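Chains, contacts and geometry: an overview
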Amino acid sequence: MARKPHVVILGAGYGGMMTANQLQKKLGTDRANITLVNKHDYHYQTTWLHEPAAGTLHHDNARVEIRKVLNPGKVNIVKDTVEQVKTEEKQVVLKNGEDLSYDYLVIAVGSIAETFGVEGVYEHSYHKWTLDGARELKDKIEFQFAKHRNQENPEEEDLTFVVAGAGFTGIEFIGELTERVPELCEQYDVPREKVRMYVIEAAPTALPGFDPELVEYAMNLLEHRGVEFKINKPISEVQEGKVILKDGEEISANTVIWATGVRGNPIIEDAGIEANRGRVKVEPDLRAPGLEDVFVIGDCSLIINEETERPYPPTAQIAMQQGTKAGENITNLIMGGATTNFQPEILGTLASLGGKEAMGTVKSRKMYGRSALFMKHMSDNRYLMKLGGLSLMLTKGRNPL
Ligand code: FAD
Ligand code: NAD
């Protein structure tokens, strides 16, 4: 009997999970061996992380054990950290286990924070948008309140929170923080006026490129809850206890949250695959240029919007669709067929603003407040339904009301 091809998927985020889901449906165990490698034995919802990070949602609600949603009889689930991809040898080096050889590889290891050369980000800010990163930030926020309470002469910067970047991550996080702060003030007997919350943005507007009316809605709402925006003010350095702006202004803050965009996981550049800010400009069928057996999806990939001639922003929406397409294309290749091209279907963009508030567009229609949040939660639930069926949606889903 001919040797079965080995498909190795790296990363169990949106892209990796959807690839594995597709392959386990389409390929019998007699056709291929499928392996999924992930740092943890759970899949987490990156798109929800602003909530556990601020402490408005328990982190367990934002994760699910991989074995509960994939079939371990069909997908070999390996908990390990990928250290290196060797495309010439067709091998993956793991931190703990033995190297893996592959016939087809799917790289879906997500992204890390982009600093754009700003010094001190990795050393002095909270920049890890991972489940562990969210847990650490939540603890730090609570610690700051406890510390402030327990000092003879508390410092203002203990309760000053700076969010770098008014993109969607920064805006969604500050929205949650504004909801959490009144609760923490009560819990730690801290007057509300002692807490300062800044969002600092380099561009001439928050959420650059997004609908101006929706941007205004979000900013007004957040300002009303006590957020101070500093727009058109790039941060040039982060030091312990402060951020320094390009115009020389300094803001003292013992908690700096970095959200100025992402770059592809360093595994990509280490592998010598041609990339732009760690993201591979993939072929139309999602393969890496010149590598017939390597698919790159999600935040590690870069695809161009033909209408605007600009890259699509890296989103879960695209990562999931790419995962499904990568699974289909690998199935086709194993069955002796050909690959087909990926075309994203952009359904809209919705951002939560804390509490019952959200805003965004769905099929070009603007939405505000509770109805926007309803749509956002419905879309979260639709993903869970796709991934793990009704039982996952009922156990981990959002209450849309
Ligand atoms: P991820 O989902 O990040 O998954 C990567 C996986 O790889 C993780 O499980 C990680 O543990 C694993 N991994 C990483 N390195 C290694 C390694 N060395 N070895 C083994 N495993 C590894 N997008 C939207 O479309 N809608 C939204 O509402 C939205 N909200 C967001 C909110 C926040 C707070 C953030 C931070 C992002 C949001 N995004 C949203 C963007 C979206 O989360 C990402 O685009 C998406 O997660 C990318 O999917 P991915 O599969 O490429 O990576
Ligand atoms: P982003 O690129 O969307 O926004 C980063 C912001 O930081 C930009 O406005 C940029 O001008 C600003 N910035 C850059 N350098 C700066 C500096 N030195 N000082 C101050 N500001 C600076 O990145 P993000 O918000 O991290 O989001 C990452 C990706 O995830 C994006 O593709 C985004 O669309 C997606 N996302 C989507 C949602 C949603 O759909 N609800 C939520 C979060 C993230």
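Notes on the structure in this doc start here. Here the structure is a predicted model, which means the values were calculated and not measured.

This paragraph deals with the pairing of strand β6 (residues 82-86). The pairing of β6 with strand β7 (residues 91-94) spans four bridges and is antiparallel. Paired with Val85 across the strands is Val92, a residue of β7.

Under the defined criterion, the tally for this structure stands at seven aromatic pairs. Taking the centre distance of 6.1 Å and the plane angle of 70 degrees together, the rings of Trp129 and Phe173 count as edge-to-face. Linking Trp129 in the loop between α4 (121-124) and α5 (131-149) with Phe173 in helix α6 (residues 168-187), this pair joins segments that are 44 residues apart in sequence. Between Phe145 and Phe161, the ring centres sit 6.3 Å apart and the planes meet at 15 degrees, which makes this aromatic pair stacked. Of this pair, Phe145 sits in helix α5 while Phe161 sits in strand β11 (residues 160-164); the two residues are 16 residues apart in sequence, bridging distant segments of the chain.

Once that is clear, we can look at the pattern of salt bridges. Side-chain pairing between opposite charges can occur once the charged atoms of the two side chains come close. Scanning the entire structure with this criterion turns up 26 salt bridges. The residue Lys138 makes a salt bridge to Glu142 at a minimum N-O spacing of 3.4 Å. One end of the pair, Lys138, and the other, Glu142, are both in helix α5, four residues apart, so they sit about a helical turn from each other. Classification of Glu142 as buried rests on a relative accessible area of 17%. Between Lys147 and Asp158 there is a salt bridge; the shortest N-O distance is 3.0 Å. Placement of the pair is Lys147 in helix α5 and Asp158 in the loop between α5 and β11, with a sequence separation of eleven residues. Its relative accessible area of 25% is what places Lys147 among the partly exposed residues. Because the salt bridges share partners, they merge into one network encompassing Lys138, Asp139, Glu142, Arg180 and Glu183.

With that settled, consider a nonpolar patch on the surface. Taken together, the side chains of Phe374, Met378 and Leu401 make up a nonpolar region of the molecular surface, amounting to roughly 290 Å² of accessible area. Assignment of secondary structure puts Met378 in helix α10 (residues 369-396). Judged by its relative accessible area of 36%, Met378 falls in the partly exposed class.

So, about the sheet that holds strand β25 (residues 357-362). Spatial strand order, β24-β25-β26: three strands in an open sheet with antiparallel pairing. Two strands close off the open sheet at either side, each with one partner strand: β24 (348-354) and β26 (365-368). Put simply, the sheet's adjacent strands are angled 5 degrees from each other on average, direction ignored. In terms of strand pairing, β25 meets β26 through four bridges, oriented antiparallel. When the bridges of β26 are listed, Gly360 appears paired with Met367.

The next subject is the environment of Tyr102. When you line up the elements, Tyr102 lands in the loop between β8 (100-101) and β9 (104-107). Residue classification places Tyr102 among the buried residues on the basis of a relative accessible area of 3%. For the pair formed by Tyr102 and Met385, sequence separation is 283 residues and the distance between their alpha carbons is 30 Å. When near neighbours in sequence (up to four residues on either side) are disregarded, Tyr102 contacts His6, Val8, Lys86, Thr87, Lys90, Gln91, Val92, Asp293 and Val294.

Residues in close proximity to ligand 2 total 23 residues, the closest being Thr169, Glu201, Ile235, Pro314 and Leu350. Between a nitrogen atom of ligand 2 and a side-chain N or O atom of Glu172, the distance comes to 3.5 Å. At 2.6 Å, a side-chain N or O of Glu201 approaches an oxygen atom of ligand 2. Out of a free accessible area of 840 Å², ligand 2 has 77% covered by protein chains. The residue inventory of the shell around ligand 2, partitioned by class, reads 14 nonpolar, six polar and three charged. Lining the shell around ligand 2 are residues from two domains, each supplying at least three of them: domain 2 (121-258) and domain 3 (347-401).

Here α10 spans only 23 Å end to end across 28 residues, well under the 40 Å set by a 1.5 Å rise per residue. A maximum bend of about 135 degrees is found in α10 at Gly388. For α10, every residue scored as buried is listed here: Gly369, Ala372, Leu373, Lys376, His377, Asp380, Asn381, Tyr383, Leu384, Leu387 and Leu392.

What counts and how
Residues numbered from 1 in each chain as written. Chains lettered and ligands numbered in written order. Predicted model: local features only at pLDDT ≥ 70, side-chain atom pairs only at ≥ 80, totals over all residues. Heavy atoms only, no water. Pairing = 2+ DSSP bridges. Helix = DSSP H or I, 4+ residues; strand = E, 2+ residues; numbered from the N terminus. Phe/Tyr/Trp six-rings, centres within 6.5 Å; stacked < 30°, edge-to-face > 60°. Salt bridge = Lys/Arg side-chain N within 4 Å of Asp/Glu carboxyl O. Buried < 20%, exposed > 50% of the residue type's maximum accessible area, 1.4 Å probe, protein only. Patch = residues over 30% accessible without salt bridge, like charges linked within 9 Å, V, L, I, M, F, W, Y side chains within 5 Å. Areas by Shrake-Rupley, 256 points an atom, 1.4 Å probe, with all protein chains shown as cover. Axes fitted to C-alpha atoms, helices over the stretch in contact; angles between N-to-C directions. Contact = heavy atoms within 4.5 Å. Near = heavy atom within 4 Å. Polar contact = N/O pair within 3.5 Å; in protein donor to acceptor, adjacent residues only side chain to side chain. Nonpolar A, V, L, I, M, F, W, Y, C, P; charged D, E, K, R; others polar. Domains from an automatic or database assignment. Expected span 1.5 Å × (residues − 1). Bend = angle between axes of the 7 residues up to and from the residue.

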